[in-house]
Amino acid sequence: MNTPHGQSPLLEGRQVSKNFGGLAALSNVDFAVYPGEVMGLIGPNGSGKTTLFDCLSRVQEVSAGQIFFKGSEITHKKPYQVAHMGLARTFQVIRVYRKLTVWENMLLSPQWGKITPSQLFKPTSEAIKARARELIGFLLLDHVMDLKAGNLSGGQRRLLEIGMALMPDPDLILLDEATSGVNPTLIEEIKDRIRTLNQQQHKTFLLIEHNIHFISDLCSRVFVLNYGEKLAEGTPAELMENEEVIEAYFGA
Amino acid sequence: MDQFNQALINGIMLGGFYAVMVLGFSIIWGVMGVINLAHGELLMVGAYLTWMLNKGWGWEPFAAIIIVAPAMFALGYGLQYVLINRIIERPPLISLLVTFSLSIIIANVVKLIYTATPRSVNTMFDGFWRLGNITIPVTKSVVLVAALLIMAMLHLFLQKTRLGKSIRAAAQNREAARIVGIEINHVYAITFAICVALTGVAGMLISPTQAVFPFMGPPLTLKAFAITALSGLGSIPGALMGGMMLGLVEIFIATYVPGIGTNLGIVASFVILVVVLVTRPQGLFGGLKPVEQAH
Amino acid sequence: MGRWTLLLVLLFLLALPLPKFVGPNPKMISNALLFSMTQMFMLITLASNWNLIGGFTGYVDFGHAVFFGLGAYGTGVMMAKAGWPFAPALVIGALVAVIFALLIGSATLRLKGPYFSIAMLGTFVAMREIVRVAKPLTGGGSGLTLPPYLNRPLFYYITLVMAILVIWFIWWLRGTQFGASLIAIREDEVGAEMRGINTTLHKIVAFSLAAFSTGVVGGLWAYQNTFIDPDVVFFESRTVEMVMMTMLGGLGTVAGPVIGAALIYWLRDVVWANFLQFHLIVQGLLLIAIVLFLPEGLMGTLGDRSSTSLGRLWGRYMNASPQTPQEAQP
């Protein structure tokens, strides 16, 4: 898990800016995630992390700048189109289908890019069900499989959302605060799962996190945002010593 | 040129009515989060009250305000107590369905009592003023003046009185209003009652200028919605601007597109509504609350 | 062959020979009853169509009757003005409804929640005025008279087959990936889009399918009624009926609209048939009662055996063991 310079980035933002009315949420952010790495995105509350996520995953339009995924430009693509290309994400405010069971939730997130029009009008295929079963096992959700997602604990819902993101077998997964509201035991499980996926299946991750231990245990590289601008970039160890970062986090 | 000026004057007069008509709708939406689809029907009830006083006792329609306003206030308070209370702070579709049903009930109760025959209200303010080649119906100009007066009074009420301030506070932030000790349910009840009274008075204003019948409501509700999309929630200057815009558009279409008449006014307001909502979900001048999906 | 298909086939076979018993003897089936059944089949179809967009996709359409009206006028204009026979005219009627659905849907389906509902209500009211104004084509306010054709059994059969087909179609669609995606859109549209569902396309397809079928019902209704004018065709209450029947039965269930439509039709025909002047008032009160006290509908309330008291009771009645949702189909 070295910083893979020389490789071309998997996801890249060039000079990304986003304004809400007169307020600049992001200004000219240059940003890249390389294949095979686990990268962290940190910054104080309101620094624009989720906005950057939303822009990268195309949930929000950028005001200026360009976004590239796997070398092709996706600046004006729709969210479902980038999902087909192999980008998946979770949300800070958990978005699972609350009135449906865990099992149904999983089946609703298949690999859409590979679904042909004829399959669209057939019942869910066995392959999709097998994958859902496997992921439910992998994420320790077996015993709640038939519960409605709205009745799960916060941690279980986070796991379910990660499972739904993994269903289409994406190459890059953006996790927005995967550990918030999750109990410490489950955090260790999530950490372990991310590591397994990264090392065995070479999935690339980009994490927004407030849990600094989580970041330093998992990430090879961390990007720091402050007031919508890039503040620093480096290994977790380097950033721990960076005065500016410490200032931004603990200073004010 | 005369035709243009005439259309301009007519549009402004119609717009003044629209502005006062929309306020009840837009304040209820802004303060309580309820989209009141029975708005047009409440207006119709106000118009019928005026017609009764006019026909039965020979009252001047504009004097009917002394009966219409308190009667409609009481009706609004009752409705709030029995029904609307149960739908505040519930998903918007619940309030849509309930007020939609309410609109059908009101229209058909009125039809049951008074039949569907269109009624007309007579006023002593009839005749025309002439300005060069332009004719101005006296009734409509009185309506415009009355509408502006009512809006000014409402503005003073919302800005200067304690109750008005509570209403504005509740519109901006329900929780905060609760914390600073505003009794929110009381504010809701009063707001709804005031808005229904206002809507009834708008019905009174329109009664001398057009036929009064049980099914006059739905187009007015839709126009109220379109104007609110233009003007934002609960803003009096916004309502004036949005109302004028719709009034002018309607009259100019009727004047310059041959063989159509004012029937297509509803089509115009609908087109405005959809175009504004699709291109600017926050409303033309902002202030419409975007609808976040429940999740 | 699932339980549902079996039930549908059974119902179909039961209903099939009804017209054979039409006769003068009062104990036999009267033409009036046959007509009544025809109306009910139409309402079942309409409610099921509305459920596709309102119940499954979660876009509560307050103007769905606009497609009924367009189907009726498309068919009516072709028959009365162009002199076409019924069948091809009906195709035109349904096409007009679908094309309009594609056009208006691509604008209005971008709106969320109440904005969509109101925009569709606006579409409906605006279309009524447009039809009224377009006199040369539609006859304006004085309406159109279609060539009369009195054949109750034929309409009975057509509407019976149509209702069965639509119910079956929606049941089938519910089990497909497409149907499941509609549910995903209803539950969380942003999430669904991010998980790869082309929500715009899904919504428009569902909307147009519903519009097509509603257009067909409109055309059939026009022919059966032999007279159409803007007020009788673009009738607000028609949308209210669709919404009410679906909500009574249960939004987003296959059986809900069928049960709701049958129940309300029965109530209207039997219980308050003698008080027709109160009909719409009762209907409005009923809808308020359903929304406030039975928001999940009969199917939803009885089907959810874990969280509603009525559902628990029903569950105990149906089987002694608590529910075991093993066969969780999406």
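Provided above is the structure to which this section pertains.
Since the structure is predicted, the reported quantities are computational estimates derived from the model, not experimental observations.

Enquirer: Is there a simple way to explain the pairing of strand β3 (residues 38-42) of chain A in this structure?
Expert: Looking along a regular strand, one sees side chains alternate from face to face of the sheet. Residue and element names in this part refer to chain A. Judged by how many residues are buried, β3 sits mostly within the fold: five of five residues are covered. On β3, burial covers both faces: V38, G40 and I42 on one face and M39 and L41 on the other are all buried. Note: β3 against strand β8 (residues 204-208), four bridges, orientation parallel. The partner of M39 across the bridge, within β8, is L206. By the bridge criterion, four bridges tie β3 to strand β9 (residues 221-226) in an arrangement that is parallel. When the sheet's bridge partners are listed, G40 is paired in β9 with V222.

Enquirer: Can you walk me through the interface of chain C and chain B in this structure?
Expert: Often the size quoted for an interface is simply the accessible area lost on bringing the parts together. Between chain C and chain B, the residue contacts involve 42 residues of the former and 40 residues of the latter. Regarding the contact of chain C and chain B, the summed buried area is about 3700 Å², with carbon and sulfur atoms giving 84% of it. At the junction of chain C with chain B, the criterion picks out zero salt bridges. Applying the counting criterion to the chain C and chain B interface returns zero residue pairs in polar contact (both at pLDDT 80 or more).

Enquirer: Would you mind going over the nonpolar core with me for this structure?
Expert: Proteins that are soluble and globular tend to have nonpolar side chains buried together. If you look at the biggest cluster of nonpolar residues, it comprises 248 residues, and the most contacted ones within it are F17 of chain B together with F67 of chain C. In terms of residues, this core owes the most to one element, helix α8 (residues 184-206) of chain B, which gives 15 residues. Excluding anything up to four places from it in sequence, F67 of chain C contacts D61, A97, F100, A101, I104, M120, F207, A211, T214 and G215 of chain C. Core analysis: the second largest hydrophobic core is formed by 27 residues, V33, L41, L174 and F223 of chain A among them.

Enquirer: I keep staring at the pattern of salt bridges and nothing clicks. Help me out?
Expert: Close approach of charged atoms allows side chains of opposite charge to pair. Residues and elements named next belong to chain A. All chains considered together, the criterion is met by 23 salt bridges over all chains. Across the pair R221 and E37 runs a salt bridge, and its minimum N-O distance is 2.8 Å. Residue R221 is located in strand β9, and its partner E37 is located in the loop between β2 (23-33) and β3; the two are separated by 184 residues in the primary sequence. Residue R221 shares its accessibility class with E37, and that shared class is buried. One salt bridge in this structure joins K70 and D171, with 2.4 Å as the shortest N-O distance. Of this pair, K70 sits in the loop between β4 (64-69) and β5 (72-73) while D171 sits in the loop between α6 (154-166) and β7 (172-176), and the two are 101 residues apart along the sequence. Overlapping salt bridges, with partners in common, bring together E37, R221, K230 and E233 in one network.

Enquirer: Can you walk me through the packing of aromatic side chains in this structure?
Expert: Each pair of aromatic rings is reported with the distance of its centres and the angle of its planes. Following the criterion strictly, the structure yields 27 aromatic pairs over all chains and no others. Centroid distance F25 of chain B to W29 of chain B: 6.1 Å. Interplanar angle 75°. Geometry classified as edge-to-face. Separated by four residues within a single helix, F25 of chain B and W29 of chain B lie in helix α1 (residues 2-32), roughly one turn from each other. The pair F25 of chain B / W29 of chain B is uniform in exposure class, with both members buried. Look at F225 of chain B and Y115 of chain C: their rings are 6.2 Å apart centre to centre, the planes differ by 65°, and that puts the pair in the edge-to-face class. With F225 of chain B in helix α9 (residues 217-231) and Y115 of chain C in helix α5 (residues 113-133), this residue pair bridges two chains.

Enquirer: Just checking my understanding: could you explain the sheet that holds strand β10 (residues 229-234) of chain A for this structure?
Expert: In sheet architecture, strand pairing relies on hydrogen bonds along the backbone and comes in two forms, parallel and antiparallel. Residue and element names in this part refer to chain A. Within the open sheet, the six strands sit side by side as β6-β7-β8-β3-β9-β10. Their pairing is mixed. Both outer strands of the open sheet, β6 (87-89) and β10, are each paired with one neighbouring strand and no more. For this sheet, the mean inter-axis angle between neighbouring strands, taken without regard to orientation, is 20°. Pairing between β9 and β10: five bridges, direction antiparallel. Considered in β10, the bridge of V222 is made with G234. Each of β6 and β7 touches α6; the most contacted strand, β7, lies at about 160° to it.

Enquirer: I tried to follow the interface of chain C and chain A on my own but got confused; where do I start?
Expert: If you look at the interface, chain C gives 28 residues, while chain A gives 36 residues. Interface area for chain C against chain A, summed over the two sides, is near 2800 Å², with a carbon-plus-sulfur share of 60%. Contact with chain A buries area across many residues of chain C, yet Q177, M194 and R195 of chain C alone supply 32% of it, more than any other trio. Counting every contact that joins chain C to chain A gives two salt bridges.

Enquirer: Just checking my understanding: could you explain empty space enclosed by the protein for this structure?
Expert: Regions of empty space are outlined by a rolling probe, equal in size to a water molecule, passed over the atoms. In the structure shown here, the tally under the stated rule is five cavities of 30 Å³ or more. Each pocket or cavity is described by its volume, and for the largest cavity that value is around 60 Å³. Forming the walls of the largest cavity are A83, G86, L87, A88, R89, M164, A165, P168 and P170 of chain A together with M194 and R195 of chain C. Those elements giving two or more residues to the lining of the largest cavity turn out to be β6 and α6 of chain A. Of the residues contributing to the lining of the largest cavity, the split by class is eight nonpolar, one polar and two charged. In this structure, the second largest cavity spans a volume of roughly 50 Å³. Lining the second largest cavity are I27, L154, F157, L158, I167, T191, I194, C195 and L198 of chain B.

Enquirer: How should a nonpolar patch on the surface be read in this particular structure?
Expert: Residues and elements named next belong to chain B. Where nonpolar side chains cluster on the molecular surface, the patch consists of M1, F4, L8, I12 and Y256 and spans about 470 Å² of accessible area. If you tally residues by element for the nonpolar patch, the top one is α1, at three residues. Among the structural elements, F4 can be located in helix α1.

Enquirer: Even after reading the chapter, I still don't get helix α3 (residues 65-82) of chain B, so can you show me in this structure?
Expert: In this model α3 of chain B runs 25 Å from its N-terminal to its C-terminal C-alpha over 18 residues, within 8% of the 26 Å that 1.5 Å per residue would give. At its buried positions, α3 of chain B is contacted by α1, α2 (39-57), α4 (92-114) and α8 of chain B.

Enquirer: Sorry, what's going on with the sheet that holds β5 of chain A here?
Expert: Residue and element names in this part refer to chain A. Strand order across the open sheet formed by four strands is β2-β1-β4-β5, with antiparallel pairing between neighbours. Each of the sheet's edge strands pairs with one partner strand only, and the pair in question is β2 and β5. In the packing of helix α1 (residues 49-56) onto the sheet, the strands contacted are β1 (11-20), β2 and β4, and the crossing angle to β2 comes to about 65°.

Enquirer: When you look at the packing of helix α3 (residues 65-80) of chain C against α5 of chain C in this model, what are you seeing that I'm missing?
Expert: Pairs of packed helices are described in terms of their axes, by the angle between the two and the distance that separates them. All names here are of chain C. Between α3 and α5, whose axes approach to 9 Å, the crossing angle comes to 25°. Taken as axis vectors, α3 and α5 run roughly parallel relative to one another. Relative to α5, α3 is oriented so that their crossing is left-handed. Across the interface between the two elements, A65, V66, F67, L70 and Y73 from α3 touch M120, T123, F124, M127 and V131 from α5. Across the contact of α3 with α5, the residue classes tally to nine nonpolar, one polar and no charged.

Enquirer: Explanation requested: the environment of L154 of chain C in the structure shown.
Expert: Within the secondary structure, L154 of chain C sits in helix α7 (residues 152-174). Separated by 47 residues in the primary sequence, L154 of chain C and L201 of chain C have C-alpha atoms spaced 37 Å apart.

Enquirer: Would you mind going over unusual backbone geometry with me for this structure?
Expert: Trans peptide bonds make up most of the peptide bonds, and negative phi angles are found at most residues other than glycine. Residues and elements named next belong to chain A. In this structure, D169 takes a positive phi of about 55° despite not being glycine. By secondary structure assignment, the location of D169 is in the loop between α6 and β7. Even without glycine at this site, H202 takes up a positive phi of about 55°. Note on placement: H202 falls in the loop between α7 (184-201) and β8.

Enquirer: What's the story with the environment of E60 of chain B in this structure? I'm lost.
Expert: Residue and element names in this part refer to chain B. Residue position: E60 is located in the loop between α2 and α3. Overall, the relative accessible area of 17% leaves E60 in the buried class. With sequence-adjacent residues up to four places away left out, E60 is seen in contact with T123, M124 and F125. Engagement of the side chain of E60 in a polar contact is seen with the side chain of T123, the distance being 2.7 Å.

Criteria and cut-off values
- Residues numbered from 1 in each chain as written.
- Chains lettered and ligands numbered in written order.
- Predicted model: local features only at pLDDT ≥ 70, side-chain atom pairs only at ≥ 80, totals over all residues.
- Heavy atoms only, no water.
- Buried < 20%, exposed > 50% of the residue type's maximum accessible area, 1.4 Å probe, protein only.
- Helix = DSSP H or I, 4+ residues; strand = E, 2+ residues; numbered from the N terminus.
- Pairing = 2+ DSSP bridges.
- Contact = heavy atoms within 4.5 Å.
- Buried area = accessible area lost by both parts, 1.4 Å probe.
- Salt bridge = Lys/Arg side-chain N within 4 Å of Asp/Glu carboxyl O.
- Polar contact = N/O pair within 3.5 Å; in protein donor to acceptor, adjacent residues only side chain to side chain.
- Core = buried A, V, L, I, M, F, W, Y, C linked by side-chain atoms within 4.5 Å.
- Phe/Tyr/Trp six-rings, centres within 6.5 Å; stacked < 30°, edge-to-face > 60°.
- Axes fitted to C-alpha atoms, helices over the stretch in contact; angles between N-to-C directions.
- 1 Å grid on protein atoms, 1.4 Å probe; cavity = no way out; pocket = protein on both sides within 12 Å on 5 of 7 lines; lining within 4 Å.
- Points joined across faces, edges and corners; volume = space filled by probe spheres on them.
- Nonpolar A, V, L, I, M, F, W, Y, C, P; charged D, E, K, R; others polar.
- Patch = residues over 30% accessible without salt bridge, like charges linked within 9 Å, V, L, I, M, F, W, Y side chains within 5 Å.
- Areas by Shrake-Rupley, 256 points an atom, 1.4 Å probe, with all protein chains shown as cover.
- Expected span 1.5 Å × (residues − 1).
- Parallel < 35°, antiparallel > 145°, perpendicular 65-115°, else oblique.
- Left-handed = near helix turned anticlockwise from the far one by under 90°.

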